[in-house]
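# Residue-level structure breakdown
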Amino acid sequence: MAYQPHPRARVEGQSAPLSAGADTIAAVATPAGRGGIGVVRVSGARVREIAGGVLGALPEPRHATLADFRTAQGAPIDSGIALFFPAPRSYTGEDVLELQGHGGPVVMRELLRRCVALGARVAEPGEFTRRAFLNDRIDLAQAESVADLIDASSTEAAASAARSLAGEFSQRITSLVAALTELRMHVEACIDFPEEEIDPADRKALDEKLSAIRVAHAVLLDAARQGAVLREGLTVALVGRPNVGKSSLLNRLAGEDVAIVTPIAGTTRDYVRATIELEGVPIHLIDTAGLRDAAADEVERIGIERTWAAAASAGAVLYITEEGEQPRVEDASLLARLPAGIPKAHVFNKIDLSRSTASTSAAGKDAEIHLSAKTGDGVAALRSWLLETAGWRPHGEGLFMARERHLVALRVAGERLASAERNTQAFELFAEDLKITQDALGQITGAVSADDLLGEIFSRFCIGK
Ligand SMILES: Nc1nc2c(c(=O)[nH]1)N(C=O)[C@@H](CNc1ccc(C(=O)N[C@@H](CCC(=O)O)C(=O)O)cc1)CN2
Ligand SMILES: Nc1nc2c(ncn2[C@@H]2O[C@H](COP(=O)(O)OP(=O)(O)OP(=O)(O)O)[C@@H](O)[C@H]2O)c(=O)[nH]1
Ligand SMILES: [K+]
C-alpha cells in the first residue's frame, strides 16, 4: 500500500511547526541482534557527504547499488546495498541514505559509528517519522499508524493500521473538516442578518449540511471505536481455584488445542498473564490464582502487586467453577477485591461430567455460562460474551486503527456538533461550535498540534523508525 502524503492545512494564527532541524540523524533501522540483512538509515543535509565518505561516491538516486562500505582508512566494513533518496522524495522528505549490510551487531555498530564520525548524530526514537510529519510527507494520524502497524498483534489490527497509514482515516477527517469549513462560511454569511430575513431555502440548506456532517461524524466515530478495540483489546481477570480447567478453557477459546497462551514479556510474574486473540481482538488474561499466597520475597511481592493493579483495572472478570461445585470462600474474597460493576461471567465448567447441557443466562452485563472446555460445548457463548464485552461487533472492512487520543477528539467534535444543532437559531454560537469541532478534528491529523503532544507521540516509537 502506498503512502498518500497529506498536505496539512495550516491553521491561521498558529505558529508554523518546528522545522525538521538541520541535524543529520542516523540509526540502525532493523532489530537488534543477528539477521540476514541489517539497515543503517541516515537522513539530513549531510547525507551526500556521508555517502561520499562511506561509499566513495554518491549512488544513483533510488537505485539499489552494490558497494563497499569502508572505514576512514579505507578498510572494508561490509559489502552491501546502498540506496540514496534525494530530498524531497524520501521517507523523511530530506536526503536519505540507506546502508543495507549484513545483519550482524558489529557490522551495524561500525556502520553507525562511521556515519556519526562523518557528521551524523544518533537518532532519537521516532525521529525519522517525526521528520516525515514535520516535512508534510505524512500527517499525525498516519505517523501514529506507523507505530501501530509495527506493534499490531493480529492480522485485523495490522490491516486497520495499514488503512490508516494509507491515509484513509485522515482523508475522512479532512473531508469532514472541509464540509465544516463550507458550512461555517455559510453561517458566517448569515450572522449579519436578523433571523427573519434569512431565506427559508438557505435555512433548509444549513440544516441539511449540518445533519450530513453529523452522520459522517457518527460513522467515523464508530469505525474508529472498533479500531480501538483491535488495538486495546480487553483485559480479563480470571478467578478460579487450580484445576477448574482454566488452561483447557483458554486453549479452547483461542480455537486451538495447542498451547496458544503466550506470556507477555517483561513482567516479573509472567505466568499469571497471557494473551489470546478472538477475531483479532487481543484478550489479555490475568490469572488471579497466583494472588492468593502471601508473597515470599521482594521480587514476588512486586510481581503480585503489578498483577493486582492489572486485575483491578480489568475490563471483565471470568469466575470459573466446576458444574455442581459449591462456591469457594477463597474465590469470594478475590472477587470482592475487584471493582464492583465490572462485567462478570460465571463459568460453570465440566458440564460433561454431570451430563448437563450447555446454557447461558444473562443479566445486564453479567452472564452465567455452563460449558465444557473438554468437549467445546457452550464455549461459543463465552467467546461471544467476551467479544461483546470488549465492544467488538461483526464488521466488514473499513476499520481504522484509532487511538484513545483520536476517540477523545472525535467525542469532543460530536458534543460540539450536537450543541451546533441546538444553536441553529443563534448564528454566532452556531459558528463557534463549528469552529471548535474543526479544531478538535484538526488535532487528529496534526493540523492543530502542540509540541508536547508530538514529543509524547514520537518518543514511544522504536529506535530507527
Ligand atoms: N528499505 C526501506 N524499506 C522500507 C522503508 C524504508 O525507509 N526503507 N520504510 C520506511 O519506513 C517503509 C516504506 N515507506 C516509505 C515511504 C515513502 C518513501 C518515499 O521515498 N517517498 C517519496 C517517494 C514516493 C514515490 O516515489 O512514490 C515521497 O513520499 O515523496 C519511502 C519509503 C517500509 N519499508
Ligand atoms: N471432564 C472434563 N475435564 C476437564 C474439563 N476442563 C478441564 N478438564 C480437566 O481438568 C483438569 C485441569 O484442567 P486445567 O485446564 O489444567 O486446569 P487449570 O485450572 O488450568 O489448572 P491450574 O493451571 O492448575 O490452575 C485436567 O485434567 C483437564 O483435562 C472439562 O470441561 N471436562
Ligand atoms: K494447568
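Residues numbered from 1 in each chain as written. Chains lettered and ligands numbered in written order. Predicted model: local features only at pLDDT ≥ 70, side-chain atom pairs only at ≥ 80, totals over all residues. Heavy atoms only, no water.

## Considerations on the overall build of the protein
Of the regular secondary structure elements, the protein holds 14 helices and 13 strands. For the protein, with 465 residues in total, the buried portion stands at 47%. By element, 54% of the accessible surface of the protein is carried by carbon and sulfur atoms, the whole surface being about 22,200 Å². (Helix = DSSP H or I, 4+ residues; strand = E, 2+ residues; numbered from the N terminus. Buried < 20%, exposed > 50% of the residue type's maximum accessible area, 1.4 Å probe, protein only. Areas by Shrake-Rupley, 256 points an atom, 1.4 Å probe, with all protein chains shown as cover.)

## Thoughts on the site of ligand 2
The full set close to ligand 2 counts 14 residues, and Gly245, Lys246, Ser247, Ser248 and Asp352 are the nearest of them. In the model, an oxygen atom of ligand 2 is placed 2.7 Å from a nitrogen or oxygen of the Lys246 main chain. Between Ser248 and ligand 2, the recorded distance is 2.5 Å, taken from a side-chain N or O atom to an oxygen atom. Protein chains bury 68% of the 650 Å² of accessible surface belonging to ligand 2 in isolation. Ranked by the residues each element gives to the shell around ligand 2, the list is headed by helix α8 (residues 246–253), at three residues. Grouping the constituent residues of the shell around ligand 2 by class yields four nonpolar, six polar and four charged. (Near = heavy atom within 4 Å. Polar contact = N/O pair within 3.5 Å; in protein donor to acceptor, adjacent residues only side chain to side chain. Nonpolar A, V, L, I, M, F, W, Y, C, P; charged D, E, K, R; others polar.)

## Re the nonpolar core
In terms of nonpolar packing, the biggest core is built from 35 residues, with Leu318, Leu382 and Trp385 touching the most fellow members. The residues that make up this core include at least three from each of domain 2 (151–229 + 403–446) and domain 3 (234–390). In contact with Leu382, other than residues within four places in its own chain, are Leu249, Leu253, Leu318, Val347, Ile369 and Leu371. By size, the runner-up hydrophobic cluster in this structure holds 32 residues, among which are Ile173, Leu176, Leu183 and Cys190. (Core = buried A, V, L, I, M, F, W, Y, C linked by side-chain atoms within 4.5 Å. Domains from an automatic or database assignment. Contact = heavy atoms within 4.5 Å.)

## Comments concerning unusual backbone geometry
Cis geometry is found at the peptide bond from Ala87 to Pro88, where omega equals 0 degrees. Here Pro88 is to be found in the loop between β4 (76–85) and β5 (96–103). In this structure, Asp136 takes a positive phi of about 65 degrees despite not being glycine. Mapped onto the secondary structure, Asp136 falls in the loop between α3 (127–134) and α4 (140–151). Overall, the relative accessible area of 24% leaves Asp136 in the partly exposed class. The backbone phi angle of Lys350 is positive, close to 65 degrees, even though this residue is not glycine.

## Re the site of ligand 1
What surrounds ligand 1 is a group of 12 residues, the closest being Arg41, Arg89, Glu98, Arg137 and Lys465. At 2.8 Å, a side-chain N or O of Arg41 approaches an oxygen atom of ligand 1. Interatomic distance of 2.4 Å between a side-chain N/O atom of Glu98 and a nitrogen atom of ligand 1. For ligand 1, whose accessible area on its own is 670 Å², the fraction buried by protein is 59%.

## As for the packing of α4 against helix α5 (residues 155–165)
Taken N-terminus to C-terminus, the directions of α4 and α5 make an angle of 155 degrees; their axes are 8 Å apart at the nearest point. Of the possible angle classes, the one that applies to α4 and α5 is roughly antiparallel. Along this stretch, α4 crosses α5, giving a crossing that reads as left-handed. Where α4 approaches α5, its residues Gln142, Ser145, Val146, Asp148 and Leu149 are matched on the opposing element by Ala158, Ala161, Ala162, Ser164 and Leu165. Of the residues assigned to the contact of α4 with α5, the class counts are six nonpolar, three polar and one charged. (Axes fitted to C-alpha atoms, helices over the stretch in contact; angles between N-to-C directions. Parallel < 35°, antiparallel > 145°, perpendicular 65-115°, else oblique. Left-handed = near helix turned anticlockwise from the far one by under 90°.)

## With respect to the packing of helix α12 (residues 404–422) against helix α13 (residues 427–445)
Taken N-terminus to C-terminus, the directions of α12 and α13 make an angle of 170 degrees; their axes are 8 Å apart at the nearest point. Looking at the two axes, α12 sits roughly antiparallel to α13. Contacts between α12 and α13 pair Arg405, His406, Ala409, Leu410, Val412, Ala413, Arg416, Leu417, Ser419 and Ala420 from the former with Phe430, Asp433, Leu434, Ile436, Thr437, Ala440, Leu441, Gln443 and Ile444 from the latter. When the residues that make up the contact of α12 with α13 are grouped by side-chain class, the tally is 12 nonpolar, four polar and three charged.

## What to know about the packing of aromatic side chains
For the structure shown, the criterion picks out three aromatic pairs. A centroid spacing of 6.2 Å and a plane angle of 35 degrees characterise the contact between Phe133 and Phe458, whose relative ring orientation is tilted. Note that Phe133 is positioned in helix α3 and Phe458 in helix α14 (residues 451–458), a separation of 325 residues in sequence. Counting every residue linked through ring pairs, the aromatic cluster contains Phe133, Phe458 and Phe461. The positively charged end of Arg41 is found above the aromatic ring belonging to Phe128, 4.5 Å away from the centroid. Between the NZ or CZ atom of Arg337 and the centre of the ring of Trp308, over which it lies, the distance is 4.0 Å. (Phe/Tyr/Trp six-rings, centres within 6.5 Å; stacked < 30°, edge-to-face > 60°. Lys NZ or Arg CZ within 6 Å of the ring centre and 35° of its normal.)

## Section: the sheet that holds strand β2 (residues 35–43)
The six strands lie next to each other as β3-β4-β5-β2-β1-β6, forming an open sheet whose pairing is mixed. Edge positions in the open sheet fall to β3 (65–70) and β6 (121–122), since each of these has one partner strand only. Pairing between β3 and β4: six bridges, direction antiparallel. Across the sheet, Asp68 pairs through a bridge with Ser79, a residue of β4. Its contacts with the sheet place helix α2 (residues 105–117) against β1 (25–28), β2, β3, β4, β5 and β6, and it is angled at close to 15 degrees to β2. (Pairing = 2+ DSSP bridges.)

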